[in-house]
Amino acid sequence: MADVELPLPVVFFFQVKMGNNSIPFQEVKGLEYQVETQDVVSGGDNSTVYHLPKSKKCSDLILSRAVTKKSDEFYDWCSRHLDNPDGFLNIELKDFQIVLLSTSEPDKDNKVKNPKKEKTNVFPLAVWSVKGAYPYKWSMNNLDAMKNEIAIESVSLKVQSITREQ
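Reading guide: rules and limits
Residues numbered from 1 in each chain as written. Predicted model: local features only at pLDDT ≥ 70, side-chain atom pairs only at ≥ 80, totals over all residues. Heavy atoms only, no water. Core = buried A, V, L, I, M, F, W, Y, C linked by side-chain atoms within 4.5 Å. Buried < 20%, exposed > 50% of the residue type's maximum accessible area, 1.4 Å probe, protein only. Helix = DSSP H or I, 4+ residues; strand = E, 2+ residues; numbered from the N terminus. Contact = heavy atoms within 4.5 Å. Patch = residues over 30% accessible without salt bridge, like charges linked within 9 Å, V, L, I, M, F, W, Y side chains within 5 Å. Areas by Shrake-Rupley, 256 points an atom, 1.4 Å probe, with all protein chains shown as cover. Salt bridge = Lys/Arg side-chain N within 4 Å of Asp/Glu carboxyl O. Phe/Tyr/Trp six-rings, centres within 6.5 Å; stacked < 30°, edge-to-face > 60°.

Another aspect to go through is the nonpolar core. Ranked by size, the top nonpolar core spans 22 residues in total, and within it Leu 61, Phe 74, Phe 96, Val 130, Leu 157 and Val 159 carry the most contacts. Secondary structure elements with two or more residues in this core: β2 (14-18), β7 (61-66), α1 (73-82), β8 (94-102), β10 (123-140) and β11 (152-158). Counting residues per element, this core draws most heavily on β10, at 5 residues. Beyond its immediate sequence surroundings of up to four residues, Val 130 is in contact with Leu 61, Lys 94, Asp 95, Phe 96, Ile 98, Val 159, Ser 161 and Ile 162.

Pasting the structure below:
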């Protein structure tokens, strides 16, 4: 069979992995990082500005999902930071991965050899490693007796670094 181009990835087929556990989320916002720059005006030539690199900056991540029971590893970790009744902050940094998935396995040239397999397998298409994360904010969508919506909670995380691994 002839090679075909890799199918375009879809944004709804992803997972968040903490250790070996996959934690279901409806949405991941803020997956971005950039190099901050410092503007330096050239001495004697006020019309020239140089943009010098300073450091890498990561955006805050916001993970959203349906409200669940107080029973999973992610909830317990967030609760230790945000629900502490004595006010003592015990920051525990966590590393995790955000994985964009595909049902077709690409080869080294980013082509799919056999896109119509009998058995459907799931393969990581892109993987971002998040290092040194901790929760700093929890929120929930509005409770409204006039709406028929799922109750969604969101957790905002500060992160030290985000790196694309794959």
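All right, on to a nonpolar patch on the surface then. Side chains of Val 67, Leu 82, Trp 138, Met 140 and Leu 143 sit close together on the surface and give an oily, nonpolar patch of about 470 Å² of accessible area. Among the secondary structure elements, Met 140 is positioned in strand β10.

We now examine the packing of aromatic side chains. Going through the model one piece at a time under the given rule, you end up with 2 aromatic pairs. Residues Phe 25 and Phe 74 carry aromatic rings whose centres are separated by 5.1 Å and whose planes lie at 85° to one another, so their mutual orientation is edge-to-face. One end of the pair, Phe 25, is in the loop between β3 (21-23) and β4 (27-29); the other, Phe 74, is in helix α1, and 49 residues separate them in sequence. These aromatic residues form a ring-pair network of at least three members: Phe 25, Phe 74 and Trp 77.

It is worth spelling out the environment of Leu 93 at this point. Inspection of the secondary structure assignment puts Leu 93 in the loop between α1 and β8. Using a relative accessible area of 42% as the deciding quantity, one classes Leu 93 as partly exposed. Taking the C-alpha atoms as reference points, Leu 93 and Gln 160, 67 residues apart in sequence, are found 9.3 Å from one another.

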